[in-house]
Amino acid sequence: MKFALNHMTAPRLDWRAFLGLAQRLGCIGVEFRNDLDRPLFDGESAETVANTVRENGLRIVGLSQVYPFNNWSDGIAAEVRALISVAQTCGAETISLIPRNDGKGRGNGERQANLRLALREILPMLKEAGMVALVEPLGFERSSLRQKAETINAIEAIGGAGHFKLVHDTFHHFLASETEFFPEWTGIIHVSGVEDRAVSVGQMEDEHRVLVTPQDRLGNCDQIAALMTGGYNGPISMEAFSPVTHALVAPETPLRASFDFIRSQVATLAD
């Protein structure tokens, strides 16, 4: 299994320490983010980061993010161009596009039109850069893009296959009550767990997302097994948003245990 680590899981670590953690855990790569409470790469140059990542035998499997990409404007266009430029310089394999998540732009017809407009405008930028963008449907009721099938329909409608792929986020897949898997469209899997039994599905938020353990309520391992059985062979990246996870002084041990649990459970399900 090709595990990766999203910087959201250990945001207190600077970029070098974060790379070291990923390397010790046997990860194939990392995802960096521009939405943490620290500058991207802690202000270090993208060229230095690229060299250090290569020296550590890792990959930058993703660079996040443009939000809200489907509320198209000149400002969003500039953000997409800027993120592509940084991705090219640091050697990131993909950029991430996050849909509007404030309860607006959800109307049937409206949301599809907004999505197609944004994808149509972004596609020439990706083609010029030889870049892939990962679109992440969010399962929250307030999200303007919840369903993977709707995303795929829009990508196909604008001729974007090959330059757009999906993020399969196990948390959002669960919240959206999705049952269909699209391994051939999946560019990365994001995993995190929810353990709190007092929280209803409708109350689940990013703050509840911890590491994946035997107490997980989201069916992470079943989702991963389904995707891998369908042919998915890409990165499986831990993305835990919970302050409880962020507060871990020594995250390596629980992360290793979480990866080991996922690996063993998926192997059992695949038998």
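Refer to the structure above for everything that follows.
Residues numbered from 1 in each chain as written. Predicted model: local features only at pLDDT ≥ 70, side-chain atom pairs only at ≥ 80, totals over all residues. Heavy atoms only, no water.

*Asks:* Describe the packing of aromatic side chains, with residues and values.
*Replies:* We describe a pair of aromatic rings using the distance from one ring centre to the other and the angle between the two ring planes. Scanning all chains against the criterion turns up four aromatic pairs. Here the aromatic rings of Phe18 and Phe32 are separated by 5.7 Å at their centres, their planes lie at 65°, and the arrangement is edge-to-face. Highlighted residues: Phe18 in helix 1 (residues 15–24) and Phe32 in strand 2 (residues 29–33), separated in sequence by 14 residues. Residue Phe18 is classed as buried on the basis of its relative accessible area, which comes to 0%. A residue is classified by how much of its surface remains accessible, and Phe32, at 1% relative accessible area, is buried. On the basis of an interplanar angle of 85° and a centroid distance of 5.1 Å, the ring pair of Phe32 and Phe41 is categorised as edge-to-face. For Phe41, a relative accessible area of 5% translates into the label buried. (Phe/Tyr/Trp six-rings, centres within 6.5 Å; stacked < 30°, edge-to-face > 60°. Helix = DSSP H or I, 4+ residues; strand = E, 2+ residues; numbered from the N terminus. Buried < 20%, exposed > 50% of the residue type's maximum accessible area, 1.4 Å probe, protein only.)

*Asks:* Describe the pattern of salt bridges, and please don't skip the residues or the numbers.
*Replies:* Counting across every chain of the model gives 15 salt bridges. For Arg33, the salt bridge identified is with Glu239, shortest N-O distance 2.8 Å. Taken together, the residues span a long stretch of sequence, with Arg33 in strand 2 and Glu239 in the loop between strand 8 (236–238) and helix 8 (243–246) at a distance of 206 residues. Both residues of the pair, Arg33 and Glu239, count as buried. We note a salt bridge from Arg256 to Glu252, for which the minimum N-O separation is 2.7 Å. Separated by four residues within a single helix, Arg256 and Glu252 lie in helix 9 (residues 252–270), roughly one turn from each other. Each of Arg33, Asp35, Asp169, Asp206, Arg209 and Glu239 takes part in salt bridges that share partners, so that together they form one network. (Salt bridge = Lys/Arg side-chain N within 4 Å of Asp/Glu carboxyl O.)

*Asks:* An account of helix 7 (residues 220–229) is needed here, citing residue identities and associated values.
*Replies:* For helix 7, the set of buried residues is Asn220, Cys221, Gln223, Ile224, Ala225 and Leu227. On its buried face, helix 7 is in contact with strand 6 (164–169), helix 6 (170–175), strand 7 (186–191), strand 8 and helix 9. (Contact = heavy atoms within 4.5 Å.)

*Asks:* Explain the packing of helix 7 against helix 9 to me, using residue names and the numbers behind them.
*Replies:* The contact between helix 7 and helix 9 brings their axes to 9 Å, and the two run at 55°. Comparing the axis directions of helix 7 and helix 9 gives the class oblique. For helix 7 against helix 9, the interelement crossing comes out right-handed. Together, Cys221, Asp222, Ile224, Ala225 and Met228 of helix 7 and Phe261, Ile262, Gln265, Val266 and Leu269 of helix 9 make up the contact between the two elements. (Axes fitted to C-alpha atoms, helices over the stretch in contact; angles between N-to-C directions. Parallel < 35°, antiparallel > 145°, perpendicular 65-115°, else oblique. Left-handed = near helix turned anticlockwise from the far one by under 90°.)

*Asks:* Break down the pairing of strand 1 (residues 3–6) for me, with residues and values.
*Replies:* Side chains Phe3 and Leu5 of strand 1 all project onto a buried face; the interleaved residues Ala4 and Asn6 project onto the opposite face, where all are buried too. Where strand 1 and strand 8 come together, three bridges link them in parallel fashion. Counterpart to Phe3 in the pairing with strand 8 is Ile236. Here three bridges tie strand 1 to strand 2, and the two strands are oriented parallel to one another. (Pairing = 2+ DSSP bridges.)

*Asks:* Could you give an account of the side chain of Arg146, naming the residues involved and the relevant values?
*Replies:* Relative to the helices and strands, Arg146 is located in the loop between strand 5 (132–135) and helix 5 (148–157). Side-chain polar atoms of Arg146 contact the backbone oxygen of Phe140, separated by 3.2 Å. A distance of 3.3 Å separates a polar side-chain atom of Arg146 from the backbone oxygen of Leu175. Ignoring any residue separated from it by four or fewer positions in sequence, one finds Arg146 in contact with Pro137, Leu138, Gly139, Phe140, Glu141, Leu175, Ala176 and Glu178. (Polar contact = N/O pair within 3.5 Å; in protein donor to acceptor, adjacent residues only side chain to side chain.)

*Asks:* So what's going on with the packing of helix 1 against helix 2 (residues 46–55)? Which residues, and what values?
*Replies:* Helix packing for two helices is described by the angle between their axes and how far apart those axes are. Relative to each other, helix 1 and helix 2 sit at 20°, their axes nearing to 11 Å. One finds that helix 1 runs roughly parallel with respect to helix 2. Regarding helix 1 and helix 2, the two cross each other, and that crossing is right-handed. Seen from helix 1, the contacting residues are Trp15, Arg16 and Leu19; seen from helix 2, they are Thr48, Val49, Thr52 and Val53.

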